[in-house]
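Chain by chain, the residues:
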Amino acid sequence: MGFASSCSSTSIILLCSSFPLLLFAYGVPEQTIIRTPSTVSFHEGYTQLFGDKNLILLGDGKTVHISLDERTGAGFASQDLYLYGFFSAAIKLPSEYAAGVVVAFYLSNGDVFEKNHDELDFEFLGNIRGKEWRVQTNLYGNGSTGLGREERYSLWFDPTEDFHHYSILWNRNRIIFYIDSIPIREVVWTEAMGADFPSKPMSLYATIWDGSSWATAGGRYPINYKFSPYVAEFAELVLHGCAVDPIGCLSTCRDEEAGLFNSISITPAQRTAMRDLRRKHMAYSYCYDEERYPSPPPECVADAREAEQFAGAGSGRSGYRRRGHGKRHRKPPAADATF
Ligand SMILES: *[C@@H]1O[C@H](CO)[C@@H](O)[C@H](O)[C@H]1NC(C)=O
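Residues numbered from 1 in each chain as written. Predicted model: local features only at pLDDT ≥ 70, side-chain atom pairs only at ≥ 80, totals over all residues.

Looking at an unreviewed UniProt entry, the chain carries the name Xyloglucan endotransglucosylase/hydrolase, with the source organism given as Vanilla planifolia. Of the comments in the UniProt record for the chain, the one headed Sequence similarities (unreviewed entry) reads "Belongs to the glycosyl hydrolase 16 family." Taken from UniProt, the Function (unreviewed entry) comment for the chain reads in full: "Catalyzes xyloglucan endohydrolysis (XEH) and/or endotransglycosylation (XET). Cleaves and religates xyloglucan polymers, an essential constituent of the primary cell wall, and thereby participates in cell wall construction of growing tissues." (UniProt positions renumbered as here; feature names shortened; annotations may be inferred.)

Right, here's the structure in full:
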């Protein structure tokens, strides 16, 4: 397999060499990776990012609780950076009044490439009592932060009652966001999209933080710490990517990885399910926001039914903006001090 000499990390060897064996041993490799991926414990794949005692491990590190109180939020990140892969977690969101609370599960390399970072996001936005949490997906490529590609959905279950799986597939050709193994969004690479399609190694992050200024009704309902701590539970952590050394060594697993992950696409049955879910549950899509993008960004593929659904909706659906973006990766010292 000829690993470059600068890639001596054992994790690279383990991760890369186990893929083809694991996956081609099954009849339908691409569905296996999504439906029954192998999980890692916190110690095997992650490290704490911020929040000291607001991160708690349970069940031998198979479950992670991160919480937000008036003192701090909390977060963890993968130990490695990955170039393409399948990333997943079972997440249970805080119940009770959760306006202003943001839970994020995402890939990013903002700490490595400050000016031209890539990012793939699941963001969960809390709400006032009696109103459900909303889920937002987004992506940036090579610092394309001036062009938000947000989509927002309501959920067809109560995400505070049980664990549900949220997953991101990322390969050279496409990005697929899944909820409970059902694709809810697919972004297919197009030449016109260029570097806006994430293409540099990223780490996986999970955080909980104070989004009072924008998360709920554009900031109208800030966090009420009377109901804290807000606890988000993470389990069944999946890191199915090719670990790479960001400096000096690109992934030597790329060829196998590309073959593997590039073979993953959406089955006809999944496509039908995706179309139905989007019709019922998509509340916002940048592709149909004519006020914001008079001509839709190049990767947008207009679906007649969706277009009809959003005709004239504009960006009146407030809250797609994410102020304070970038801060959540780290412990925000100023914010900590003022809480
Ligand atoms: C990505 O961004 C960097 C820095 O802005 C730029 O030099 C580079 O050309 C960009 N890459 C592509 C493929 O556009």
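Picking up where we left off.
The next point concerns the overall build of the chain. Each helix and strand in the chain was counted, giving seven helices and 15 strands. Contacts spanning at least 24 positions in sequence make up 72% of the contacts within the chain whose residues lie at least 6 apart. (Helix = DSSP H or I, 4+ residues; strand = E, 2+ residues; numbered from the N terminus. Contact = placed C-beta atoms within 7 Å.)

Take the site of the ligand next. Contacts to the ligand come from K115, N116, N142, G143, G194 and A195. Classifying every residue of the shell around the ligand gives one nonpolar, four polar and one charged. (Near = placed C-beta within 6 Å. Nonpolar A, V, L, I, M, F, W, Y, C, P; charged D, E, K, R; others polar.)

Another aspect to go through is the sheet that holds strand β5 (residues 81-92). With respect to topology, seven strands assemble into an open sheet ordered β2-β3-β14-β5-β10-β11-β12, the strand pairing being antiparallel. Edge positions in the open sheet fall to β2 (55-58) and β12 (182-188), since each of these has one partner strand only. Averaged over all neighbouring strand pairs, the angle between strand axes comes to 20°, with direction disregarded. Relative to strand β14 (residues 230-244), β5 runs antiparallel, the two sharing nine bridges. Residue pairing across strands places F87 opposite L239, the latter belonging to β14. (Pairing = 2+ DSSP bridges. Axes fitted to C-alpha atoms, helices over the stretch in contact; angles between N-to-C directions.)

Now for unusual backbone geometry. One can expect most non-glycine residues to show negative phi and most peptide bonds to be in trans. With an omega of 5°, the peptide bond running from S228 to P229 counts as cis. Examined against the element boundaries, P229 turns out to sit in the loop between β13 (203-210) and β14. A positive phi is found at A217, a non-glycine position, where the angle reads about 50°. You can see A217 is positioned in the loop between β13 and β14. Classification of A217 as partly exposed rests on a count of 15 C-beta atoms within 10 Å. Although it is not a glycine, E236 adopts a positive phi angle of roughly 45°. Summarising the element assignment, E236 is placed in strand β14. What makes E236 partly exposed here is the crowd of 16 C-beta atoms within 10 Å. (Buried ≥ 20, exposed ≤ 12 C-beta atoms within 10 Å, placed from the backbone.)

Strand order in this open sheet of eight strands is β1-β4-β13-β6-β7-β8-β9-β15, and the pairing throughout is antiparallel. Every other strand in the sheet has two partners, leaving β1 (46-50) and β15 (282-285) as the edge strands with one partner each. Averaged over all pairs of adjacent strands, the angle between their axes in this sheet comes to 15°, without regard to strand direction. Here strand β6 (residues 101-108) runs beside strand β7 (residues 119-125); their pairing, made up of seven bridges, is antiparallel. Within β7, the residue paired with F105 across the bridge is F122.

This next bit is on the environment of L139. Topologically, L139 is positioned in strand β8 (residues 134-140). Judged by local crowding, L139 falls into the buried class, with 27 C-beta atoms found within 10 Å. Taking C-alpha positions, L139 is 6.2 Å from D121, a pair spaced 18 residues apart along the chain. Residues contacting L139, with those up to four places away along its chain left out, are E119, L120, D121, R149, I175, V187 and P198.

Moving on: the pairing of β13. Of all eight residues that make up β13, eight are buried, and the element is covered over most of its length. Burial of β13 is two-sided: the residues S203, Y205, T207 and W209 facing one way and the residues L204, A206, I208 and D210 facing the other way are all buried. Pairing analysis gives four bridges linking strand β4 (residues 74-78) to β13, with the strands arranged antiparallel. Bridge pairing links A74 to I208 in β13. Relative to β13, β6 is paired through eight bridges, and the arrangement is antiparallel. Following the sheet pairing, V102 is matched in β13 by W209.

Another point: the environment of I168. Along the polypeptide, I168 turns up in strand β10 (residues 164-170). Looking at I168, the number of C-beta atoms within 10 Å reads 25, which means it is buried. Sequence separation between I168 and S88 is 80 residues, and the spatial gap between their C-alpha atoms is 6.3 Å. With sequence-adjacent residues up to four places away left out, I168 is seen in contact with F87, L107, L120 and F177.

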